[in-house]
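# Topology and contacts: notes
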Amino acid sequence: MQNLIIGTIGHIDHGKTSLIEAINGFWGDSRKEEQERGITLDLSFSNCLSNNKNISFIDVPGHEKLVKHMIAGAFGMDYCMLVVAANEGLKPQSIEHIKIAKLLGVSSFIVVFTKCDLEDIDTTNATNEILELISPLKIFHTSIHDKKSIESLKNYLFSLPNKIHRNLDVFRYYIDRVFTLKGIGCVVSGTLLDGRLALEDKIWCCNLNRALNIKNIQNHGEYLKVANIGERVAINLSGVSHNELKRGDLLTKKGYFRGFDTLEVSIELFSDVAHNSDVIFYIGALKCNARILFLDDSKKYATIKTQQKIFAIFGERFIIRDDNVTLGGGSILGAIADPMKKSQKLHCVKLLYKRDFKNAFLLLLEVHKKGFGLLSATQRFAISKEEALNIANTLENCYVDSLNLVVYPKSSIDVVLGYIKEILHKNKKALLSSTLLTQKYSWVSENLAALALECAISDKLVVKKEFFFVSPSFNDSVHSYVYNEIYSMLLTQEYEPLAPYNIYDVLDIDRKTGDDALKILTKEKKVLRLSHKLFITSSALSKLLEEMRSIIKNEGYLDINNFKRHFPLSRKYLIAYLDYLDSFSDIINTNGTRTLKDS
């Protein structure tokens, strides 16, 4: 089914809600307060079906004090229906709505004059004012009492072509309403801005930093197995209370979006705004306080510092206001905060404004000496990882790890070679591998590590021995060396053995190699495993058990306090040894006090 989202904008009491009711029979002001006051206080949603086409209407409030709701509703609109009362003409609030809609990227307007059944109505002046602001697709003159005028408008709306949405194939959805229904639970509503949503999907709430489950998906009362980009949908969620969620929270897939309180933007201002001014920042359905710091004298580019983390995406539109008026708006250019100087930031945003991603990549490689991930391209450039890889592969003086989706400056190889030299200087018997290097240095991918190790061979720093890269002076059998070194260290450490990963770090071996040696030692019963991180030699444990039994015989009991007096070890060791003692049949544990059965 084809879907269109049409928003109605305009001044208070110009007949937006009545017009929607005339089109589809839905009266949007459902709250008691709305009905009593006769104005729309929040977003109202309804739809209209014809053949294989669905039109979703977002009716936004027209009161000047409720502009925040209008902004929330304007995100995701395909078309804007500007409603103007023929007897009143264009009002300041209508003009502000037009400006906001244009800033948010809405370019297709339909103008609808209402109340045209009143006498002596001349809309010429109002039409001329409107034409100075926008170039509408069509202008209609209607009355809710004139069915023919409504039918003509309705037929035209159904003839509008579908909008082509940029689709990154990553589900992205701002919550614009949260409520709970008896017997159903938490329900949210919003528009699919990107990707698709299937009933079996796990979704991620960025603001809560946790996964949520889907019970069902609805589109205007119809249950869906899959919802597609551009559709208005309600999602029934499980595992979360409606009190935990709020308007403006972002639902998406895990791992694609990070939150930042610093954003680089291009901006268009309606009013003069001073550098470092406090503003109210609107993005999606979110509203928060922020400060604006201009990057250039023309005030075309700026840094927005927000009071909460924003999970924005490149090209996403925003609005800034003060308490009373809309100050301006623009597009997100830097959705990810990078450690740049002001001059670099300005250079970068200018490149991004022109969508010169290739040179933006090169600038980012100057800033990120240890490389940057291409998975972030979705958020950083609003392009797919495949497109990002294609750009990266055209760059010179860099190394692209296509498997791990990371692009590194060529200098990164020299940095890793430096690590290799440093390790060998401290430990001539280090067993180097790409796995070990990635474990020691989290920014290094296995492919980059492998490339650096091959360079180390060429430089005669290391030689290949079995599966490892070792100093040319290393003459031992690799597996015998690891086995003997681990056992020797555990014997030396006696009752306070290091955790395995600490032992591996000291020996400069990777975890799998160390784990394999420990498995052999435990299989041979030279070492016993008492917990996930505690391995002790059999000889040390036997000796300790004798001492523990001796304490019971001499003092009549053993608990953590008198055990610590004899063996001043940390609690993690004491508790593990006491728990092991409990496994013997002649030991009685009474609320943490151990005694012998025959005592």
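Every value quoted in this text rests on a predicted model; they were computed, and no experiment measured them. (Residues numbered from 1 in each chain as written. Predicted model: local features only at pLDDT ≥ 70, side-chain atom pairs only at ≥ 80, totals over all residues. Heavy atoms only, no water.)

### Structural notes on the overall build of the protein
Helix and strand content of the protein: 19 helices and 30 strands. Scaling as 2.2 N^0.38, a compact globule of 599 residues should have a C-alpha radius of gyration of about 25 Å, whereas the protein reaches 33 Å, well beyond that. With the C-alpha coordinates of the protein rotated into their principal frame, the extents come out at 110 × 65 × 50 Å. Looking at the protein residue by residue over its 599 residues, the buried ones come to 53%. (Helix = DSSP H or I, 4+ residues; strand = E, 2+ residues; numbered from the N terminus. Rg over C-alpha atoms; globule rule 2.2 N^0.38 Å. Buried < 20%, exposed > 50% of the residue type's maximum accessible area, 1.4 Å probe, protein only.)

### What about the sheet that holds strand 22 (residues 372–373)?
Pairing is antiparallel in the open sheet, where three strands are placed in the order 22-24-23. What marks the edges here is a single partner per strand, and that holds for strand 22 and strand 23 (398–401). The sheet contact formed by strand 22 and strand 24 (residues 406–409) spans two bridges and is antiparallel. By the bridge assignment for strand 24, Gly373 is matched with Val406. (Pairing = 2+ DSSP bridges.)

### Regarding the sheet that holds strand 19 (residues 301–310)
Pairing is antiparallel in the closed barrel, where six strands are placed in the order 16-19-18-17-20-21. Each adjacent strand pair in this sheet contributes to an overall mean axis angle of 40°, direction not counted. Relative to strand 20 (residues 317–321), strand 17 (residues 277–283) runs antiparallel, the two sharing four bridges. What sits directly across from Phe281, in strand 20, is Ile320. Packed onto the sheet, helix 7 (residues 342–353) meets strand 16 (260–269), strand 18 (286–294), strand 19 and strand 21 (326–334) and runs at close to 95° relative to strand 19. (Axes fitted to C-alpha atoms, helices over the stretch in contact; angles between N-to-C directions. Contact = heavy atoms within 4.5 Å.)

### Some words on the side chain of Asn427
Mapped onto the secondary structure, Asn427 falls in the loop between helix 11 (411–426) and helix 12 (434–440). Overall, the relative accessible area of 15% leaves Asn427 in the buried class. Separated by 3.1 Å, the side chains of Asn427 and Asp508 make a polar contact. Once you skip the residues sitting within four places of it in the chain, Asn427 turns out to touch Val506, Leu507 and Asp508. (Polar contact = N/O pair within 3.5 Å; in protein donor to acceptor, adjacent residues only side chain to side chain.)

### Comments concerning the environment of Leu461
For Leu461, the position within the fold is in the loop between helix 13 (446–458) and strand 25 (463–465). A relative accessible area of 22% means that Leu461 is categorised as partly exposed. Along the chain, Leu461 and Tyr495 lie 34 residues apart, while their C-alpha atoms are 38 Å from each other. If we skip the residues at most four places from it in the chain, Leu461 touches Leu417, Lys421, Leu424, Ala456, Val470, Ser471 and Pro472.

### Some points on the nonpolar core
In this structure, Phe281, Ile283, Ile292, Ile332, Phe361, Leu374 and Phe381 are the most contacted members of the largest nonpolar core, which totals 64 residues. Per-element tally for this core: the top contributor is helix 8 (residues 357–367), with seven residues. (Core = buried A, V, L, I, M, F, W, Y, C linked by side-chain atoms within 4.5 Å.)

### Overview of the packing of helix 8 against helix 10 (residues 385–392)
Direction vectors running N to C along helix 8 and helix 10 enclose 75°, while the axes themselves pass 10 Å from each other. It follows that helix 8 is roughly perpendicular to helix 10 by the angle criterion. When helix 8 is examined against helix 10, the residues Phe357, Lys358 and Phe361 are found in contact with a partner set consisting of Ala388, Ile391 and Ala392. Here the contact of helix 8 with helix 10 is built from residues that sort into five nonpolar, no polar and one charged. (Parallel < 35°, antiparallel > 145°, perpendicular 65-115°, else oblique. Nonpolar A, V, L, I, M, F, W, Y, C, P; charged D, E, K, R; others polar.)

### Side note on the packing of aromatic side chains
Each pair of aromatic rings is reported with the distance of its centres and the angle of its planes. Here the structure, examined in full by the defined rule, presents 17 aromatic pairs. With a centroid separation of 5.7 Å and an interplanar angle of 70°, the aromatic rings of Phe563 and Phe567 are classed as edge-to-face. Since its relative accessible area comes to 0%, Phe563 is described here as buried. A cation over an aromatic ring shows up here: Arg549 above the ring of Phe584, its NZ or CZ 5.4 Å from the ring centre. (Phe/Tyr/Trp six-rings, centres within 6.5 Å; stacked < 30°, edge-to-face > 60°. Lys NZ or Arg CZ within 6 Å of the ring centre and 35° of its normal.)

### Let's talk about the pairing of strand 16
Summarising burial for strand 16: seven of the ten residues are buried, a large majority. Pairing geometry for strand 16 and strand 19, over six bridges, is antiparallel. Among the inter-strand pairings, Thr262 is bridged to a residue of strand 19, identified as Lys305. One ladder, built from six bridges, connects strand 16 with strand 21; its direction is antiparallel.

### Section: unusual backbone geometry
In this structure, Asn209 is a non-glycine residue whose phi angle is positive, near 60°. Assignment of secondary structure puts Asn209 in the loop between strand 10 (203–205) and strand 11 (210–219). The phi torsion at Lys299 lies on the positive side, around 60°, for a residue other than glycine. Structurally, Lys299 is set in the loop between strand 18 and strand 19.

### Notes on helix 15 (residues 500–507)
All of the buried residues along helix 15 are Pro500, Ile503, Tyr504 and Leu507. Summarising the axial view, the buried residues of helix 15 lie within an arc of 100°, below the 170-degree limit, and thus occupy one face. On the buried face of helix 15, the contacting elements are helix 14 (478–493), helix 16 (511–523) and strand 28 (534–537). After helix 15 finishes, the residue Asp508 shows a positive phi value of roughly 60°. (Arc of directions from axis to C-beta.)

### Examining helix 19 (residues 571–581)
Within helix 19 the residues assigned to the buried category are Tyr573, Leu574, Ala576, Tyr577, Leu578 and Leu581. Looking at the buried positions of helix 19, the neighbouring elements they touch are strand 27 (527–531), strand 28, helix 17 (538–555), helix 18 (560–566), strand 29 (587–590) and strand 30 (593–596).

### Concerning the pattern of salt bridges
Enumeration over the complete set of coordinates arrives at 19 salt bridges. A salt bridge links Arg321 to Glu96; its shortest N-O distance comes to 3.0 Å. Of this pair, Arg321 sits in strand 20 while Glu96 sits in helix 4 (residues 92–103), and the two are 225 residues apart along the sequence. Residues Arg321 and Glu96 agree in their burial class; the two are buried. The shortest N-O distance in the salt bridge between Arg594 and Asp582 comes to 2.8 Å. On the criterion of sequence distance, the pair formed by Arg594 in strand 30 and Asp582 in the loop between helix 19 and strand 29 is long-range, its members being twelve residues apart. If you follow the salt bridges from partner to partner, you end up with Arg172, Asp194 and Glu316 in one network. (Salt bridge = Lys/Arg side-chain N within 4 Å of Asp/Glu carboxyl O.)

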